[in-house]
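Topology and contacts: notes
Listed below, chain by chain, are the residues.
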Amino acid sequence: IVLKQNVHSCEEMYVNKQPYTRLLLGTEYALLRREFITRRRRKRETPEIASNVLVTLGGSDPNHLTLRGLKALASLSAGTNTHVVVGSLNSDLDEIRAVVYRNPEKLRLSVNAAASEMADAMTEADLAIHAAGTTFWELACMGVPSISIVAADNQQDIADEMEKLGATRNLGWHMNVDVQKITSAVRRLASNRNERKAMTETMMKLVDGKGASRVVEVLARDYRG
């Protein structure tokens with residue numbers, strides 16, 4: 001059995017597979033932790049203006065994206081609340097804490113968030129700024145409108161396909177994303193209710209939270225013969 005949960009996965013990638021090989025391809029097989037599945041809303045509300053923003057740009061974030069995102073959001077007008085999630089190995093953690101300390105009415109910080117805390121943060125978020133990796137599938141299951149940044153080579157195809165489907169606004173490679181670019185993207189998406197609503201619908205269709213169950217069914221069926 002070959003399991004590849006990426007949105008761009010297709011059988012053409014495996015033209016030399018053996019006849020007995022089973023292919024489980026695409027986001028219908030996305031493996032999610034139970035915390036996200038149980039918090040998924042059947043109908044997610046889309047406010048006129050997105051005021052709650054989640055920033056999750058990787059645990060260690062070697063490209064220093066979190067700091068750029070925080071500076072962008074701190075520059076927005078009052079009424080925008082930001083929850084930033086980082087790992088304890090983030091090299092900018094001290095500076096991130098300083099930015100949050102200077103803007104307590106706008107910014108909130110979580111370090112090494114547990115799965116339940118991360119799922120709660122996505123439940124509360126009106127939109128998210130994130131690296132274009134596996135976080136996509138958690139956000140999609142929860143229906144969170146998305147601004148994505150490509151932080152590694154293996155994220156490029158995912159980001160391109162998700163943008164093509166209307167599931168994200170992809171800002172491109174991290175080295176080309178500055179504070180101003182993030183600020184502009186947040187302002188545009190936060191004020192565009194129709195686009196956010198369409199994103200939510202698209203994302204929740206892509207990932208319905210039943211991927212792990214589907215994989216288990218295949219494994220059990222093969223085991224039974």
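Conventions we followed
Residues numbered from 1 in each chain as written. Predicted model: local features only at pLDDT ≥ 70, side-chain atom pairs only at ≥ 80, totals over all residues. Heavy atoms only, no water. Helix = DSSP H or I, 4+ residues; strand = E, 2+ residues; numbered from the N terminus. Expected span 1.5 Å × (residues − 1). Buried < 20%, exposed > 50% of the residue type's maximum accessible area, 1.4 Å probe, protein only. Arc of directions from axis to C-beta. Contact = heavy atoms within 4.5 Å. Right-handed = clockwise from strand over helix to strand, strands pointing away. Pairing = 2+ DSSP bridges.

1. What to know about helix α7 (residues 179–190)
With 12 residues, α7 extends 16 Å from end C-alpha to end C-alpha; this agrees with the ideal 16 Å at 1.5 Å per step. Among all positions of α7, only I182, T183, A185, V186, L189 and A190 are buried. Projected onto a plane normal to the axis of α7, the buried residues spread over an arc of 165 degrees and lie on a single side. In this structure, the buried side of α7 is in contact with α2 (65–74), β6 (127–131), β7 (146–150), β8 (169–173) and α8 (193–206).

2. With respect to the pairing of strand β3 (residues 52–56)
Extensive coverage of β3 is indicated by the burial of four of its five residues. At this point the chain moves from β3, through α2, to the parallel strand β4 (residues 81–86), and the crossover so formed is right-handed. Bridging between β3 and β6 involves four bridges; their strand directions are parallel. Bridge pairing in β6 links L54 to A128.

3. Focus on helix α3 (residues 93–102)
Residues L93, I96, V99 and V100 constitute the buried set of α3. On an axial view of α3, the arc spanned by its buried residues comes to 120 degrees, and they lie on one face. For α3, the exposed residues lying more than 90 degrees away from the buried face are D94, Y101 and R102. Contact partners of the buried residues in α3: α2, β4 and β5 (107–111).

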